[in-house]
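Residues per chain are reported as follows:
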Amino acid sequence: MNQQHEWSALGRIDLNLFRVFDVIYRERNLTRAAVILSLSQSAVSHALGRLREQLDDPLFVREGRGVAPTPLARQLAPGIEDALSGLLRSVSRGQHFDPLRDRRSFALNMPEQMEPVVLPMLIAHLHQVAPQLEVRSSSVHWAELKRELLAGRIDLAIEIARPTDAELRQQMLRQDPLCVVAGPAFTGELTVERYLAAEHVAVTSRRRGICVEDLALGHLGLVRDVRQRCQHYLSAALLVAQSERLLTMTRQYAELVNVGLPNRLLELPLELPPVTLNLYWSREAESEAGNQWLRGQLIQLAATRRDGQAFQH
């Protein structure tokens, strides 16, 4: 198909319908889509009907109390989302951003264990300074993160510091020291010898993933005895509570996860570096007004708590 025919085919479709499609695809519910679009449910249904007719496909079918996408809708969704994100960036770049009036939705990516530490405080802060903004939290692995940032599907990411290239920008947010979580069965003082001789619980979401503490120990030529691996720190803390095994994790998250458990938080007897968290964004988003503003809020929240209490009430 040549370019003239491509533009002719596109000209038969109201491009506003793609925005309706995108919201329905994300929400899987026409009522919620109507609220987000500030339209009546009948207007959303009418728009979907027009797009169904033009694409000759139902696009969404009823499923429970919502809708499910058809195979064609699943095929179209990534391209439509990319196109809308690119258009939004092009239109908004250089425009003034008013946090008190803007209704924009930001996608913030972070490791799963960071969400209960970061998100509640950020949302409470935004409720005061930008009451109409929405922040959607996600957890995409580092291998996919660059692509998602460059495509505009993620606006900002909070991740453990690691090397990257010129297409991504980064700035340090905070550093969090490691500590050791011990259950009631582990008594007495924790020494280097006892730490290395003990059995350990490690947390990683990947089958062959290596923990940040094991990397640090490796740099010292040391190896610990990891007897149990699991995906979540809460699971690990519960396992520690019923055994003599030890868990190493950042102190800030340890204080949150171990509330209500009989575990003790002990000083790490080895001098391992703190975990450094960086803020990442794409080169294309560098000068975008809304992205700049949200970066500033996150950096300010971290900077005002240099005493180690960043992102806590």
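These figures come from a predicted structure and were not determined experimentally. (Residues numbered from 1 in each chain as written. Predicted model: local features only at pLDDT ≥ 70, side-chain atom pairs only at ≥ 80, totals over all residues. Heavy atoms only, no water.)

### Side note on the overall build of the protein chain
Thinking step 1. Each helix and strand in the protein chain was counted, giving 12 helices and 12 strands.
Thinking step 2. Taking all 313 residues of the protein chain together, 43% fall into the buried category.
Thinking step 3. With an accessible surface of roughly 17,300 Å², the protein chain has 51% of that area assigned to carbon and sulfur atoms. (Helix = DSSP H or I, 4+ residues; strand = E, 2+ residues; numbered from the N terminus. Buried < 20%, exposed > 50% of the residue type's maximum accessible area, 1.4 Å probe, protein only. Areas by Shrake-Rupley, 256 points an atom, 1.4 Å probe, with all protein chains shown as cover.)

### Concerning the pattern of salt bridges
Thinking step 1. The tally for this structure, following the rule as stated, stands at 19 salt bridges.
Thinking step 2. Salt-bridge contacts for aspartate 155 lead to arginine 104; the nearest nitrogen and oxygen are separated by 3.3 Å. With aspartate 155 in the loop between helix 7 (142-151) and strand 5 (156-160) and arginine 104 in the loop between helix 5 (71-92) and strand 3 (105-109), this residue pair connects regions lying 51 residues apart in the sequence.
Thinking step 3. On the basis of relative accessible area, arginine 104 is assigned to the buried category, the value being 16%.
Thinking step 4. Residues participating in the shared-partner salt-bridge network are Glu199, Asp225, Arg227 and Arg245. (Salt bridge = Lys/Arg side-chain N within 4 Å of Asp/Glu carboxyl O.)

### Topic: the nonpolar core
Thinking step 1. Leu108, Ile158 and Leu298 are the most contacted members of the largest nonpolar core, which totals 25 residues.
Thinking step 2. Elements with a minimum of two residues in this core: strand 3, helix 6 (115-129), strand 5, strand 12 (275-282) and helix 12 (289-303).
Thinking step 3. Broken down by element, the residue count for this core peaks at 6 residues, all from helix 12.
Thinking step 4. Grouped together as the second largest cluster of nonpolar side chains are 21 residues, Val23, Leu48, Leu59 and Ala73 included. (Core = buried A, V, L, I, M, F, W, Y, C linked by side-chain atoms within 4.5 Å.)

### A closer look at the pairing of strand 4 (residues 134-138)
Thinking step 1. As paired strands, strand 3 and strand 4 are joined by 5 bridges and run parallel to one another. Note on strand 4: the bridge partner recorded for serine 105 is glutamate 134.
Thinking step 2. Note that the unit made of strand 3, helix 6 and strand 4 has a crossover that is right-handed. (Pairing = 2+ DSSP bridges. Right-handed = clockwise from strand over helix to strand, strands pointing away.)

### What to know about the packing of helix 2 (residues 16-27) against helix 4 (residues 41-55)
Thinking step 1. In the contact formed by helix 2 and helix 4, the axes pass within 9 Å of each other and the chain directions differ by 105°. As judged from the angle between their axes, helix 2 and helix 4 are roughly perpendicular. Packed against helix 2, whose contacting residues are Leu17, Phe18, Val20, Phe21 and Ile24, the element helix 4 presents Val44, Ala47, Leu48, Arg50, Leu51 and Gln54 at the interface.
Thinking step 2. A per-class count over the contact of helix 2 with helix 4 returns 9 nonpolar, 1 polar and 1 charged. (Axes fitted to C-alpha atoms, helices over the stretch in contact; angles between N-to-C directions. Parallel < 35°, antiparallel > 145°, perpendicular 65-115°, else oblique. Contact = heavy atoms within 4.5 Å. Nonpolar A, V, L, I, M, F, W, Y, C, P; charged D, E, K, R; others polar.)

### A look at the pairing of strand 1 (residues 60-63)
Thinking step 1. Where strand 1 meets strand 2 (residues 66-69), 4 bridges bridge the pair, whose relative direction is antiparallel. Opposite phenylalanine 60, over in strand 2, you have proline 69 as the bridge partner.

### Examining the sheet that holds strand 9 (residues 225-230)
Thinking step 1. Ordered by their spatial adjacency, 5 strands build an open sheet running 9-8-10-7-11, and the pairing between neighbours is mixed. Edge strands, defined here as strands with exactly one partner in the open sheet, are strand 9 and strand 11 (264-267). Each neighbouring strand pair of the sheet contributes to a mean axis angle of 35°, computed without reference to strand direction.
Thinking step 2. As paired strands, strand 8 (residues 199-203) and strand 10 (residues 246-250) are joined by 2 bridges and run parallel to one another. In the sheet register, valine 201 faces strand 10, and the bridge partner there is leucine 247.
Thinking step 3. Running at roughly 145° to strand 10, helix 10 (residues 233-241) makes contact with strand 7 (178-182), strand 8, strand 9 and strand 10 of the sheet.

### Comments concerning the environment of valine 129
Thinking step 1. Counting through the fold element by element, valine 129 comes out in helix 6.
Thinking step 2. Put simply, valine 129 and glutamine 297 are 168 residues apart on the chain and 9.7 Å apart in space, counted from C-alpha to C-alpha.
Thinking step 3. Discounting chain neighbours no more than four positions away, the residues touching valine 129 are Pro99, Leu100, Trp293 and Gln297.

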